Amino acid sequence: MTYDVLAVLWAGPGTEIEVVRAVGERLGTPISRNAVDAHLRLLRTTGHVRTLNLAGTTAYALTESGSELLSTLAENELHVCL
């Protein structure tokens, strides 16, 4: 699911709810908010995602290292593992 979170954010910043919905659509099944939150926390901790304040709402966006990680995962087809 880490790959899916990165892929969703590659399209642009999104709130947690937007990311949950988009990941669920990508995977074809409803996803729990807690599951996505765990991946967002991990990606923030490692510097691949940053938080933004958009009109008083917290949103998430990829950093340059997040874009590089997404590219590496896609190139090596490692997204099936994550």
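In this text, all values refer to a predicted model and were calculated from it rather than measured experimentally. (Residues numbered from 1 in each chain as written. Predicted model: local features only at pLDDT ≥ 70, side-chain atom pairs only at ≥ 80, totals over all residues. Heavy atoms only, no water.)

Enquirer: Would you take a moment to explain helix α1 (residues 2–10) for this structure?
Expert: An α-helical turn contains 3.6 residues, so a residue and the one three or four places further along point in the same direction. The buried fraction of α1 is high, at eight of nine residues. Listed in full, the buried residues belonging to α1 are Thr2, Tyr3, Asp4, Val5, Leu6, Ala7, Val8 and Leu9. Following α1 by one or two positions, glycine 12 has its phi on the positive side, about 145°. (Buried < 20%, exposed > 50% of the residue type's maximum accessible area, 1.4 Å probe, protein only. Helix = DSSP H or I, 4+ residues; strand = E, 2+ residues; numbered from the N terminus.)

Enquirer: Looking at this structure, how should I read the pairing of strand β2 (residues 57–62)?
Expert: Note on strand geometry: in a regular strand, side chains alternate between the two faces of the sheet. Where strand β1 (residues 49–54) and β2 come together, six bridges link them in antiparallel fashion. By the bridge assignment, asparagine 53 is partnered in β2 with threonine 58. The turn joining β1 and β2, which pair antiparallel and follow one another in sequence, is formed by two residues; a positive phi near 55° is taken by alanine 55. (Pairing = 2+ DSSP bridges.)

Enquirer: Explain the nonpolar core to me, please; I cannot follow it from the model alone.
Expert: A general feature of soluble globular proteins is that nonpolar side chains tend to end up buried together. Val5, Leu6, Leu9, Val19, Val36 and Val49 are the most contacted members of the largest nonpolar core, which totals 18 residues. Contributing elements (two or more residues each) for this core: α1, α2 (16–27), α3 (33–45), β2 and α4 (64–75). Top element by residues in this core is α1. It accounts for six residues. Excluding its chain neighbours within four sequence positions, the residues that come into contact with valine 5 are Val19, Val23, Val36, His39, Leu40 and Leu43. (Core = buried A, V, L, I, M, F, W, Y, C linked by side-chain atoms within 4.5 Å. Contact = heavy atoms within 4.5 Å.)

Enquirer: Even after reading the chapter, I still don't get the side chain of threonine 2, so can you show me in this structure?
Expert: Among the secondary structure elements, threonine 2 is positioned in helix α1. We classify threonine 2 as buried; its relative accessible area is 10%.

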